[in-house]
Structure formats: C-alpha cells, structure tokens
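Below, each chain spelled out in residue letters.
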Amino acid sequence: MKYHSENILPIGGVGDISPSWNQFRAPLLAGISTVLLAAGITFLMRHFRIGLTPSNSSCAEGFYRLIEAPIRRGDLVAACISTNAAHDGLTRGYLSKGDCSGGAEPVLKVIGGLHGDEVDVEEGWVAVNGKRLANSATVTRDSVGRLLTHVMWGKRRVASEEVWLFGLNNRRSWDSRYFGPIPLRAIRGVAEPLLTW
C-alpha cells in the first residue's frame, strides 16, 4: 500500500516544543488572581481595621470600619491605651506595634463605663452602676503564667474625660481591669463590623 505525503497530517508528539495557549493559561490566571487578591487585601487593611490580635478578644475576628459616632456604653471602639500600658502590652506580646503613643496598636474593646458611672472592681467580679458584668473576674496570671497587676479593688466614679474598656467575652481579656481607665480623647472611633468570622 502506498501513501501519498499530501494525505499525512503532522501531529504534535513528544518532541513537539512549540508552546500553546493552554500551557500558559492556568499559570497566568493563577498569577493574575494572586495579584488581585493581594491588592484587595492591602486595600481592606489600609481602609478598615482588622481585628486579629490577642488584644482584640472583645470582638470577633474580621474587618471593621471606624466611624465617628457618639460614644455609648456597650459600643465596640478602637482606642489607644496609655504609654506605660502600651509598653507592658508590647513587652508581654499582648499588642503588636502600631501608631499609638508608646508604639502600640489600638485595642478593640467595649465601652463599659462612662462619665458619672460607678465602676466597682472586685477580685471575683466587676460591676457598673451596681450591675455585675458576666465573665468579669480579674485573673492573677496571664495565659503563660506571668503575674498580672490590676487596678485597686473597690468602687470609683468615672471622671468626665475618661472611659473604662472591657473585653468580657474572653475571661483573659487585657482591659481596664488591669490598665485602668483611658482618656476619652484616646478613642479613635466606633468599630462597625463589615465581615466577621
């Protein structure tokens, strides 16, 4: 049987090294997707507060937007703590570096006491205006066994330009039970959840 060369079509085999679109499509799309995802995350982190640090035990992890709003008891806020407390928080690993005084990040905590409120800190509980707060017992050691200092036991009236912050959904939250009240001006804004998990 004779074959005519014009009837034989060449088929790419093992030795065929010519690139095709299909060989590059998957890696190219993966690369573009990675760049877009990284750009999106960078945008979100620059424009929204992300609560993923140990100091943020008073809220779910996720993305939060800071808004200017009147401060009320029960609001989740971003705030800078005192320089001394920030130094302690950084040294112990409770806080990451940030742009607050003392070089620490802001904390996300719940407003527990406002001007005129009576805050009572006792060994087994905290009460605001006579109402005991759940999960508010002060602990003597942190999660790795180091001694924790706390505010003096007893009742005090919240001054006009200060607030008390709590993170009582986690009994190990480092908050005003330990570092005391903070100035009202240290609050950066009310944290409004956008996406939490």
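Refer to the structure printed above.
Residues numbered from 1 in each chain as written. Predicted model: local features only at pLDDT ≥ 70, side-chain atom pairs only at ≥ 80, totals over all residues. Heavy atoms only, no water.

1. With respect to the side chain of Ser 136
Take Ser 136: it is sitting in the loop between strand S7 (131–132) and strand S8 (154–157). Within the structure, the side chain of Ser 136 is placed 2.8 Å from the backbone nitrogen of Val 126, a separation counted as a polar contact. Those residues within four positions of Ser 136 in sequence are excluded, and the remaining contacts are Trp 125, Val 126, Leu 168 and Arg 177. (Helix = DSSP H or I, 4+ residues; strand = E, 2+ residues; numbered from the N terminus. Polar contact = N/O pair within 3.5 Å; in protein donor to acceptor, adjacent residues only side chain to side chain. Contact = heavy atoms within 4.5 Å.)

2. Digging into the packing of aromatic side chains
Considering all chains together, one arrives at three aromatic pairs under this definition. Residues Tyr 94 and Trp 174 carry aromatic rings whose centres are separated by 5.1 Å and whose planes lie at 55° to one another, so their mutual orientation is tilted. Placement of the pair is Tyr 94 in the loop between helix H2 (83–92) and strand S4 (107–113) and Trp 174 in the loop between strand S9 (162–166) and helix H3 (176–179), with a sequence separation of 80 residues. Trp 174 shares its class with Tyr 94; the two are buried. Three or more aromatic residues joined by ring pairs form one cluster here, namely Tyr 94, Trp 174 and Phe 179. Over the face of the ring belonging to Trp 125 we find Arg 132, whose NZ or CZ atom lies 3.9 Å from the ring centre. (Phe/Tyr/Trp six-rings, centres within 6.5 Å; stacked < 30°, edge-to-face > 60°. Buried < 20%, exposed > 50% of the residue type's maximum accessible area, 1.4 Å probe, protein only. Lys NZ or Arg CZ within 6 Å of the ring centre and 35° of its normal.)

3. Notes on the nonpolar core
In terms of nonpolar packing, the biggest core is built from 24 residues, with Ile 81, Leu 165, Trp 174 and Ile 182 touching the most fellow members. Secondary structure elements with two or more residues in this core: strand S3 (76–79), H2, S4, S9, H3 and strand S11 (187–196). Setting aside residues up to four positions removed in sequence, Ile 81 forms contacts with Ala 86, Leu 95, Ser 101, Val 107, Trp 174, Phe 179 and Ile 182. By size, the runner-up hydrophobic cluster in this structure holds nine residues, among which are Val 126, Val 151, Trp 164 and Leu 168. (Core = buried A, V, L, I, M, F, W, Y, C linked by side-chain atoms within 4.5 Å.)

4. Describing the state of the cysteines
Enumeration over the complete set of coordinates arrives at one disulfide. Residue Cys 80 pairs covalently with Cys 100 via a disulfide, S to S 2.0 Å. Here the disulfide of Cys 80 and Cys 100 is left-handed, its torsion about the S-S bond being about -65°. On the criterion of sequence distance, the pair formed by Cys 80 in the loop between S3 and H2 and Cys 100 in the loop between H2 and S4 is long-range, its members being 20 residues apart. (Disulfide = S-S within 2.5 Å.)

5. Digging into H2
Of all the positions in H2, only Ala 85, Ala 86 and Gly 89 are classed as buried. Each buried residue of H2 lies within a common arc of 100° when the element is viewed along its axis, so the set occupies one face. More than 90 degrees from the buried face of H2, the exposed residues found are Asn 84, His 87 and Thr 91. Looking at the buried residues of H2, the elements they touch are H3. (Arc of directions from axis to C-beta.)

6. Describing the sheet that holds S7
Across the sheet, which stays open at both edges, the four strands sit in the order S7-S6-S5-S8 with antiparallel pairing between neighbours. The open sheet has two edge strands with one neighbour each: S7 and S8. Here strand S5 (residues 118–121) pairs with strand S6 (residues 126–128) via three bridges, running antiparallel. Along S6, the bridge assignment pairs Val 121 with Val 126. (Pairing = 2+ DSSP bridges.)

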